[in-house]
Every structure is written in C-alpha cells, then in structure tokens.
Amino acid sequence: MNPTLPGAPWMIAHRSMLGINKPYKLTLNGQDYVLWQNRGGEIFALENVCPHMQAPLSDGWICEANNTITCPYHALEFDGAGRLLKDGAAKGEPLADKLDLVVQDDLIWTYGGHEPRLPIPDLISTQIKGFRFLGVAGNKSIQAEFLRCIKINYDFNHQNGVHRELFRIQANLVELFEQKGVAARVVQTFLRTENTVNEILQNPSLLTLPKQIKNELEYSFPSTTIFKAQLPLGKVLQVFILYPEAEQRTRTFVLFYGNLQSPLFLIPGVKAVLERSLLDSTAKVVEQDVRAVADLYPAQKPKIRLPKEEILLYVEQLYRNW
Ligand code: FES
Ligand SMILES: [Fe+2]
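Residues numbered from 1 in each chain as written. Chains lettered and ligands numbered in written order. Predicted model: local features only at pLDDT ≥ 70, side-chain atom pairs only at ≥ 80, totals over all residues. Heavy atoms only, no water.

A. Quick peek at the overall build of the protein. When you go through the protein residue by residue, the secondary structure sums to six helices and 18 strands. Rg of the C-alpha trace for the protein: 21 Å, near the compact-globule value of 20 Å for 322 residues, within the 12% margin. When its C-alpha atoms are laid out on the principal axes, the protein stretches across 70 × 55 × 30 Å. The proportion of buried residues among the 322 residues of the protein is 50%. Here the protein has roughly 16,000 Å² of accessible surface; of this, 52% comes from carbon and sulfur atoms. (Helix = DSSP H or I, 4+ residues; strand = E, 2+ residues; numbered from the N terminus. Rg over C-alpha atoms; globule rule 2.2 N^0.38 Å. Buried < 20%, exposed > 50% of the residue type's maximum accessible area, 1.4 Å probe, protein only. Areas by Shrake-Rupley, 256 points an atom, 1.4 Å probe, with all protein chains shown as cover.)

Encoded structure:
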C-alpha cells in the first residue's frame, strides 16, 4: 500500500496495553508488527514475519529467561534486535526486521521505518501533568480511511448528531478556534438537557455532568487529539489517538486521565465505580464515532457548509499537502 502520511510520528500503544512478556500484534501502514515488554519494562518490536518460513511471530510466546520471542512454527527464538538465538545466546546479524520505537512517558511512538518529518509532539506530556492515568478505552479498528477518521475529531458539529443520545447535547458554542502549523486549539461549551433515570442507572458517570460543559480540544496533527473538561468532580482529560493500519482501516484508542476529588470518594468503592463508568462512556463515544465514520457513503464534494467548518478544511489541507 501507499503509506499514509509517511514520516509522521504515530503513537501505537500505551505501555499498559502490552502486558508483561506477551506478544502484542499491531498493523501500521499495511505492515504487521509484534511488540512485547519484559519484566524490566524494556519494549521490543519486530516485523511480525518469521525469517524462517514466515509464521506470524505474534502467535508465538516470550521466553523470559532468554529475553526472546519464540516462533510458533518451529520454535526458533529471536531477540529484540531480530537476532537468532543459538547455543543459548542471540548473535550474528539480525534476521528478523526490527521496528524502531521511541518510548516517552509510557507512550510508545514510531515512524514506521520512515524518515521523520515531524518531531514527536510533547503535547501529551505537557497536558497530563497533575493527572492520573485511569486506563485505555475504545481500542478499535475503524473500517475507513485515515482522513475520514481524523475529520470527525476536528468536527465540532458532530456532537449534536453522533453523540446526541449519550450526552443529550443540544448545542455546542464554539468560542475559539486557533491553529499554528500542525497544532490547533478549540474552546467550546456543550449545552445539555437532563438524562433519563434509566440512562443514569446504566451509566452513573452521567450524574457527574453539569448542564453546561466548558471544554477544550488540543490537536497535534496527525496522531493526537486531547479533550479536557472541568466537571464538578474534577478534571478529566482524554487523549484520542489514531494511526493508519491500512488504506481503508484506521486504529483508534483513548487514553483516559483524571484529577478527581470528592468527599464521596471516602465511601469505599465509589471512586472505582465512577472511574469504570467514565471509561465505559468513553468507549461508547468511540463506538459512536467508529460507526458514524464507517457508515459514510463514498466521499463527494459537500453541497452544504455548516457554520464553523473551517477547521475541517484546515485538517484536510494538512493531510493533502503532506
Ligand atoms: S517459521 Fe518460524 S521457526 Fe520456522
Ligand atoms: Fe465524536
């Protein structure tokens, strides 16, 4: 395939997604890779193809003693540099191809073997100061090309349709949109009506949402969209990540951070229930976006323009002028 945005930094996983000594398979720009993390926190990545007879290494297992991945077919072992284990030691030239990673603050980035054209953004590191990582939500493949998937993250009119039922958003007042190169920022306020009792029972985190939610979006094209809001219970911050798996398939996941304080948290279990529920509603938001994007008919030139759609032209230009 033609790689999407070659040279862009892609965040392919948060450390917590890998587990310990377990193969983790992912696809970036048409190529499969296997990642694993050892008990010491070192992270390795190889192309997923065994150099012997092309078995998928991700179906194999990690040998903790040798710090290697074992192929599921004939059980040959390779270290993180792709070297074959012989007589108890990995030596010689690498045979399996390695994927170069940059690990920063538990975030795993890669250029997918391309020459870097943008630095790895420090947006997440600067924004999450003072927050606690609560988990990953909505790790999904979207059956759609990258441009369509990224556009929904920049489209601040879609709340009124796509997320209407979940949050009962009636209107979204956009106060600010500014952009500089690949960085952009939006300040907006969602106006909501009450949820029904049934909706609240199914999703207790809805109780934490006020009628007006002032919130901000910070963008670092093309991988990262940060949503942050001040709720009565404290601050929440979601990092929406995208990377291209194939020409018509895009991966998304959300890193959820919170800085929540409430006297209610003195009651055992309340905090855990609330955090779980916040992660669940984030997963629901992602599902709604995924469905909305995957269901679109083939692209045409829009015959209607909504107010404040300039941000969509901005992101489309970044993509097309890459
Ligand atoms: S195919 Fe991997 S060891 Fe043979
Ligand atoms: Fe959305």
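B. The coordination of the iron ion (ligand 2), seen in detail. Distances from the iron ion (ligand 2) to its protein donors, His-158 (NE2), His-163 (NE2), Asp-289 (OD) and Asp-289 (OD), fall within 2.1 to 2.4 Å. Taken together, the four donor atoms surrounding the iron ion (ligand 2) define angles of 56 to 139° at the centre, an arrangement classified as irregular. With a relative accessible area of 12%, His-158 lands in the buried category. (Donors = N, O, S within 2.8 Å, 3.2 Å for Na, K, Ca; no water. Tetrahedral: all angles 85-135°; square planar, octahedral: opposite > 155°, others 65-115°.)

C. View of the side chain of Asn-29. With respect to the element layout, Asn-29 can be found in the loop between β2 (24–28) and β3 (31–37). At a separation of 2.8 Å, a polar atom in the side chain of Asn-29 contacts the main-chain amide nitrogen of Thr-4. Once residues lying within four places of it in the same chain are set aside, the contact partners of Asn-29 are Met-1, Pro-3, Thr-4, Trp-10, Pro-244 and Glu-245. (Polar contact = N/O pair within 3.5 Å; in protein donor to acceptor, adjacent residues only side chain to side chain. Contact = heavy atoms within 4.5 Å.)

D. Here's a closer look at the sheet that holds strand β18 (residues 249–260). Taken in spatial order, the seven strands of this open sheet run β12-β18-β17-β16-β15-β14-β13, and their pairing is antiparallel. Every other strand in the sheet has two partners, leaving β12 (132–142) and β13 (169–180) as the edge strands with one partner each. Pairwise comparison of adjacent strand axes, ignoring direction, gives a mean angle of 20° for this sheet. Sheet contacts for helix α2 (residues 146–154): β12, β15 (212–220), β16 (224–231), β17 (234–246) and β18; angle to β17, the most-contacted strand, approximately 165°. Helix α5 (residues 270–294) contacts β12, β17 and β18 of the sheet and is inclined by roughly 25° relative to β12. (Pairing = 2+ DSSP bridges. Axes fitted to C-alpha atoms, helices over the stretch in contact; angles between N-to-C directions.)

E. Representation of the packing of aromatic side chains within the structure. Under the defined criterion, the tally for this structure stands at nine aromatic pairs. Look at Tyr-154 and Tyr-219: their rings are 3.9 Å apart centre to centre, the planes differ by 15°, and that puts the pair in the stacked class. In this pair, Tyr-154 sits in helix α2 while Tyr-219 sits in strand β15, placing the two residues 65 residues apart along the sequence. The pair Tyr-154 / Tyr-219 is uniform in exposure class, with both members buried. Aromatic pair Phe-221 and Trp-322: ring centres 6.3 Å apart, planes at 55°, arrangement tilted. (Phe/Tyr/Trp six-rings, centres within 6.5 Å; stacked < 30°, edge-to-face > 60°.)

F. Summary view of the pattern of salt bridges. Inspection of the entire model under this criterion finds 20 salt bridges. Across the pair Asp-32 and Lys-25 runs a salt bridge whose closest N-O atoms are separated by 3.7 Å. On the accessibility criterion, Asp-32 (26% relative accessible area) is partly exposed. Taking the relative accessible area as the measure of exposure, Lys-25 reaches 47% and is therefore partly exposed. Here Glu-218 makes a salt bridge to Arg-185, at a shortest N to O gap of 3.5 Å. Here the residue Glu-218 occupies a position in strand β15, and Arg-185 occupies one in strand β14 (residues 183–192), the gap between them amounting to 33 residues. Taken together, the salt bridges that share partners define one network made up of Glu-178, Arg-185, Glu-216, Glu-218 and Lys-228. (Salt bridge = Lys/Arg side-chain N within 4 Å of Asp/Glu carboxyl O.)

G. Geometry of the nonpolar core. Membership of the largest hydrophobic core comes to 81 residues, with the highest contact counts inside it found for Ile-12, Leu-35, Ile-124 and Tyr-154. Taken together, domain 1 (10–110) and domain 2 (123–320) each give at least three residues to this core, which thus spans both. By size, the runner-up hydrophobic cluster in this structure holds 13 residues, among which are Val-34, Ile-69, Phe-78 and Ala-96. (Core = buried A, V, L, I, M, F, W, Y, C linked by side-chain atoms within 4.5 Å. Domains from an automatic or database assignment.)

H. Representation of the domain arrangement of the protein within the structure. Segmentation of the protein into domains returns domain 1 (10–110) and domain 2 (123–320). Taking the mean C-alpha position of each, domain 1 and domain 2 sit 32 Å from one another. Tallying the contact residues gives 16 residues for domain 1 and 19 residues for domain 2. By the criterion of area lost to domain 2, the three top residues of domain 1 are Trp-10, Met-11 and Thr-27, representing 40% of everything that side buries. Remark: the boundary between domain 1 and domain 2 carries zero salt bridges. Inspection of the domain 1/domain 2 interface yields four residue pairs in polar contact (both at pLDDT 80 or more). Elements that contribute at least two residues to the side of domain 1 that touches domain 2 include exactly β1 (10–14), β2 and β11 (107–110). For the side of domain 1 that touches domain 2, the element with the most residues is β1, which contributes five residues. In terms of residue class, the side of domain 1 that touches domain 2 is built from ten nonpolar, five polar and one charged. (Buried area = accessible area lost by both parts, 1.4 Å probe. Nonpolar A, V, L, I, M, F, W, Y, C, P; charged D, E, K, R; others polar.)

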